[in-house]
Amino acid sequence: MRIIRDPAFIAPADRGAAAAIGNFDGVHLGHQAVLDLTRSVADGAPLGVLTFEPHPREYFAPDAPPFRLMSPTAKAHRLEKLGVQRLYEVPFNAALAALTPWQFAKDIIHDRLGLTHVVVGADFCFGKDRAGNAGDLEGFGAKLGFGVTIAPMLQTAAGAVSSTAIRRALSDGDPRRAAEMLGHRHRIDGPVISGEQRGRDLGYPTANMSIDGLHPPKFGVYAVKVDVLDGPHKGAYHGAASIGVRPMFGENVPNCETYLFDFSGDLYGAQLSVALVDYLRGEEKFDSLDALITQMDADCRQARDILADD
């Protein structure tokens, strides 16, 4: 997959794709259906995705709470696995935000990227003040010479599939409901960072990861499946993870601390992908470290039982 980050400087070979347009946060089942539809109308053109960095919501409300389900890097990896050949990460800035719907269609879709066909969701809005809709885009495409397909919103047993609904499920501590809409387990991806090594002192050494910029799942303890993506310990593991602020040890920045079962080794700097399987309990502040250790023992037994049957 090729990633194009500046539509003003684009190689001829990267023009002419058939592309789905959207933010693709989470790359959920609805997004996957849009990609399948794009693939079906591509007519030999490369399969593409047109998205924006930063997310427009981050641009317009930079101080709002984190909401992203995945980082740009994790999203790119997921899209590549689904067969996307061209990822257009268009910079969302003041100039782009000021474009009228017509200007966006002509300047970005047609003139700069030369897309042959675009697929958007039925609720797609674009251009300054979100003034354009999917019907407007169809009209612009007819004038400019690119095809437009409008994809219906996907409905599953869990309800309408959307990034908002997935965030709600994660906030409720229901990763299984989130997974039903994602089509895969929700994952926290990133490098292992140095911590204060309290887990090691308690007999539970953990791999610490930042969740900065991501929508935080409900704080607490989870049964998890972990992929170590590189380094000498590369492989798949089971474990238990604590997400939150660690109330036993004062006020802290939220993070994800994962204990890998039956593992011994140094993971600092390694890239991990932690999949949330089940929510076990909320964060607690215990009366003593012994009480905390007793609860961690119970958490790990419960997580092992869940993962053995999963």
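Since the structure is predicted, the reported quantities are computational estimates derived from the model, not experimental observations. (Residues numbered from 1 in each chain as written. Predicted model: local features only at pLDDT ≥ 70, side-chain atom pairs only at ≥ 80, totals over all residues. Heavy atoms only, no water.)

Visitor: Any chance you could break down the nonpolar core for me, citing the residues and the numbers?
Guide: If you look at the biggest cluster of nonpolar residues, it comprises 29 residues, and the most contacted ones within it are Leu50, Tyr88, Phe104, Ile109, Leu115 and Leu137. Counting only elements with at least two residues in this core, the list comes to strand 2 (18-21), strand 3 (47-53), strand 4 (86-91), helix 4 (94-97), helix 5 (101-112), strand 5 (117-121) and helix 6 (134-144). Excluding residues that lie within four positions of it along the chain, Leu115 makes contacts with Ala17, Ala19, Leu50, Tyr88, Ile109 and Phe146. If you look at the next biggest cluster of nonpolar residues, it comprises 20 residues, including Ala207, Met209, Val226 and Leu272. (Core = buried A, V, L, I, M, F, W, Y, C linked by side-chain atoms within 4.5 Å. Buried < 20%, exposed > 50% of the residue type's maximum accessible area, 1.4 Å probe, protein only. Helix = DSSP H or I, 4+ residues; strand = E, 2+ residues; numbered from the N terminus. Contact = heavy atoms within 4.5 Å.)

Visitor: Please provide a residue-by-residue account of the sheet that holds strand 1 (residues 2-4), values included.
Guide: Pairing within the open sheet is parallel, and its six strands lie in the order 1-4-3-2-5-8. Only two strands of the sheet have a single neighbouring strand rather than two, namely strand 1 and strand 8 (147-151). Adjacent strand axes in the sheet meet at a mean angle of 25 degrees when their direction is disregarded. Bridge analysis of strand 2 against strand 5 gives three bridges, and the strand direction is parallel. Across the sheet, residue Ala19 finds its bridge partner in strand 5, namely Val118. (Pairing = 2+ DSSP bridges. Axes fitted to C-alpha atoms, helices over the stretch in contact; angles between N-to-C directions.)

Visitor: Give a description of the state of the cysteines that names residues and reports values.
Guide: All told, the structure shown has zero disulfides when counted by the stated rule. Here Cys300 stays unpaired: no disulfide links it, and the sulfur of Cys256, its closest cysteine neighbor, is 14 Å away. (Disulfide = S-S within 2.5 Å.)

Visitor: Hey, could you go over the side chain of Thr51 for me, with residue numbers and the actual values?
Guide: Among the secondary structure elements, Thr51 is positioned in strand 3. A polar contact of 2.9 Å, which involves the side chain of Thr51, links it to the backbone oxygen of Gly22. Dropping the residues within four chain positions of it, Thr51 is found in contact with Gly22, Asn23, Lys75, Leu87, Tyr88, Glu89 and Val90. (Polar contact = N/O pair within 3.5 Å; in protein donor to acceptor, adjacent residues only side chain to side chain.)

Visitor: For the packing of aromatic side chains, give the residues involved together with the corresponding values.
Guide: Scanning the entire structure with this criterion turns up 13 aromatic pairs. When the centroid spacing of 5.3 Å and the interplanar angle of 70 degrees are considered together, the rings of Tyr59 and Phe92 count as edge-to-face. With a gap of 33 residues between them, Tyr59 in helix 2 (residues 56-60) and Phe92 in the loop between strand 4 and helix 4 connect regions that are remote in the sequence. With a relative accessible area of 31%, Tyr59 lands in the partly exposed category. Judged by relative accessible area, Phe92 falls into the buried class, the value being 12%. Both rings, one in Trp102 and one in Phe140, keep their centres 5.4 Å apart while their planes meet at 75 degrees; by these two values the pair is edge-to-face. Taken together, the residues span a long stretch of sequence, with Trp102 in helix 5 and Phe140 in helix 6 at a distance of 38 residues. (Phe/Tyr/Trp six-rings, centres within 6.5 Å; stacked < 30°, edge-to-face > 60°.)

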